[in-house]
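# Structural overview for review
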Amino acid sequence: MSASVAYGRPQRAKDLALRLVIDLGLVVGGTLAVAMLAVLIRGDGGLAYDTRAYWLAAQHVLNGSPLYVKAEYSSLGAYTYPPIFAQLFAPAAPLPELLVAWVWRISSVLCLRYIVGSWKATVVACAFIPVLTELSLNNVTLQLAACLVFAMRDRRGAYLLPWAAALKFGPALIVPYLWFRKPETRRPLVIGTLLFLAACLVSFVLSPGAWAAYVDMLRFQNGADLAGSQVIHLIPAGGGVDFIVRFGLAAVVAVFAAYWNRGWLAYAAASITCPVMALSRFAPLVGLWRFRPARSPQAARESSAVGEDPQ
């Protein structure tokens with residue numbers, strides 16, 4: 001028996017096993033996705049828990065109502081992001097809430113497709129329960145993960161990072177990796193930060209009271225009780241302290257990733273770190289598929305197996 005034949009048999013077995021896993025993922029992911037759609041539509045047509053907060057905030061911008069209220073983080077419709085994002089979302093205020101929810105959900109699906117690299121992989125990703133949970137709640141998790149992948153693959157994506165970091169703070173953890181491992185992103189990072197600060201200045205001039213209320217909201221949330229469904233925490237009695245501890249641990253991981261050139265680890269740390277950790281926040285981890293070693297024979301076979309776009 002030749003060496004090539006002896007090597008080929010185990011490799012063919014691995015390829016077969018990979019295809020079986022992918023086929024199983026397609027069946028499970030497709031079934032769960034259809035089931036989720038049926039549940040969403042049958043319930044209230046597909047309204048989304050988190051998107052409601054964005055839609056209401058946009059309305060408050062237009063009618064002059066307060067953007068922030070002293071309510072627990074899990075309160076329906078509570079808006080917790082900087083005022084500038086509510087102002088940018090204002091054009092959606094006159095639209096029906098259901099339409100806004102579905103447009104945002106479609107954008108989430110498109111971001112998921114970008115994160116994993118193909119439509120086939122998108123269906124397989126739906127077998128990961130946090131992905132379906134995120135698509136149901138309709139937060140900004142997948143959009144931010146797409147920004148991270150974009151920044152790591154294309155220097156132009158670095159322009160968006162300051163905006164992403166202002167939403168969930170975690171995306172800032174990708175900066176050490178980009179700064180030291182992808183020097184071409186330094187200029188876009190600096191320019192993007194200056195542009196974001198300029199936009200915030202304009203926002204402040206238009207509505208200084210909203211920014212003061214945002215700071216007050218952060219102070220209130222600092223002592224929020226994190227006990228709740230699917231919430232993961234280290235210190236339940238204080239939301240701010242819990243986040244600081246988790247952010248600090250993630251920062252250590254991010255620095256390690258930058259030093260040892262582990263892009264996948266930097267992405268993981270930045271994509272799942274946020275003020276309130278819940279099951280759905282793990283959805284971006286499906287994007288780790290894109291960080292496997294590229295262009296090796298094995299990687300080429302895997303890419304072909306899931307129909308992924310060329311790198």
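Below you will find a few notes about this structure. All residue numbers refer to position in the chain's written sequence, counted from 1. Given that this is a predicted model, residues contribute local features only at a pLDDT of at least 70 and side-chain atom pairs are listed and counted only at 80 or more, while totals for whole chains, interfaces and linings are drawn from all residues. Each side-chain value is worked out from all heavy atoms of the structure, with water and hydrogens disregarded.

## Notes on a nonpolar patch on the surface
- Each patch is built from residues lacking any salt bridge and having more than 30% relative accessible area; the joining distance is 9 Å for like charges and 5 Å for nonpolar side chains (Val, Leu, Ile, Met, Phe, Trp, Tyr). Each accessible area value is a Shrake-Rupley result obtained with a 1.4 Å probe; residue values ignore everything except the protein chains displayed when judging cover. Within this document, salt bridges are pairs made up of a side-chain nitrogen of Lys or Arg and a carboxyl oxygen of Asp or Glu, the two lying within 4 Å of each other. Nonpolar side chains collect at one region of the surface, where Trp179, Phe180, Val190, Leu194 and Leu197 lie side by side and expose about 500 Å² of accessible area between them.
- Think of it this way: any DSSP run of H or I at least four residues long counts as a helix, any run of E at least two long counts as a strand, and we number them from the N terminus. When contributions to the nonpolar patch are tallied by element, the ones reaching two or more residues are α9 (175-181) and α10 (186-206).
- The dominant element in the nonpolar patch, judged by the number of residues it contributes, is α10, at three residues.
- Note on placement: leucine 194 falls in helix α10.

## What about the pattern of salt bridges?
- Taken as a whole and assessed by the stated rule, the structure comprises four salt bridges.
- For arginine 219, the salt bridge is made with aspartate 216, and the minimal N-O distance between the two is 3.4 Å. Remark: aspartate 216 and arginine 219 occur in helix α11 (residues 208-222); sequence separation between them is three residues, near one turn of the helix.
- Note that arginine 246 is salt-bridged to aspartate 242, the shortest N-O span being 2.7 Å. A residue pair is termed a helical-turn pair when its members lie 3 or 4 positions apart in one helix, as arginine 246 and aspartate 242 do in helix α12 (residues 239-259) at four residues.

## Overview of the packing of aromatic side chains
- Put simply, two rings from Phe, Tyr or Trp (the six-membered ring, in Trp's case) pair if the centres are within 6.5 Å, and we call them stacked under 30 degrees between planes, edge-to-face over 60, tilted for the rest. In total, this model carries 16 aromatic pairs according to the counting rule given.
- On the numbers, 6.2 Å between centres and 75 degrees between planes, the contact of tyrosine 54 with phenylalanine 89 is edge-to-face. You can see tyrosine 54 sitting in helix α2 (residues 49-63) and its partner phenylalanine 89 sitting in the loop between α3 (83-88) and α4 (97-116), a full 35 residues away along the chain. Accessibility assignment for this pair places tyrosine 54 and phenylalanine 89 in one class, buried.
- Counting every residue linked through ring pairs, the aromatic cluster contains Tyr54, Tyr68, Tyr79, Tyr81, Phe89, Trp104, Trp211 and Tyr214. Think of it in three bands: with a 1.4 Å probe and only protein chains considered, a residue is buried below 20% of the maximum accessible area for its type, exposed above 50%, and partly exposed in between.

## Some remarks on the environment of serine 280
- The topology assignment puts serine 280 in the loop between β2 (277-278) and α14 (297-306).
- Residues serine 280 and proline 130, spaced 150 residues apart in sequence, show a C-alpha to C-alpha distance of 4.3 Å.
- Apart from the residues within four sequence positions on either side, serine 280 is in contact with Pro130, Thr133, Glu134, Leu137 and Thr141. Only heavy atoms enter the contact rule, under which two residues are in contact if any of them lie within 4.5 Å.

## Focus on the packing of helix α8 (residues 161-168) against α10
- The angle between two axes is taken between their N-to-C directions and runs from 0 to 180 degrees, where each axis is a line fitted to C-alpha atoms and a helix contributes only its stretch in contact. Contact geometry for α8 and α10: axes closest at 8 Å, N-to-C directions at 60 degrees. Taken together, the axis directions place α8 and α10 in an arrangement best described as oblique. Judged by residue contacts, Leu161, Pro162, Trp163 and Ala166 of α8 engage Leu189, Gly192, Thr193, Phe196 and Ala199 from α10. For classification, angles of less than 35 degrees are called roughly parallel, those exceeding 145 degrees roughly antiparallel, those between 65 and 115 degrees roughly perpendicular, and all remaining angles oblique.

## Let's talk about unusual backbone geometry
- At asparagine 138, a residue that is not glycine, the phi angle is positive and equals roughly 65 degrees.
- Relative to the elements of secondary structure, asparagine 138 occurs in the loop between α6 (129-137) and α7 (141-153).
- In this structure, asparagine 261 is a non-glycine residue whose phi angle is positive, near 55 degrees.
- For asparagine 261, the position within the fold is in the loop between α12 and α13 (263-272).

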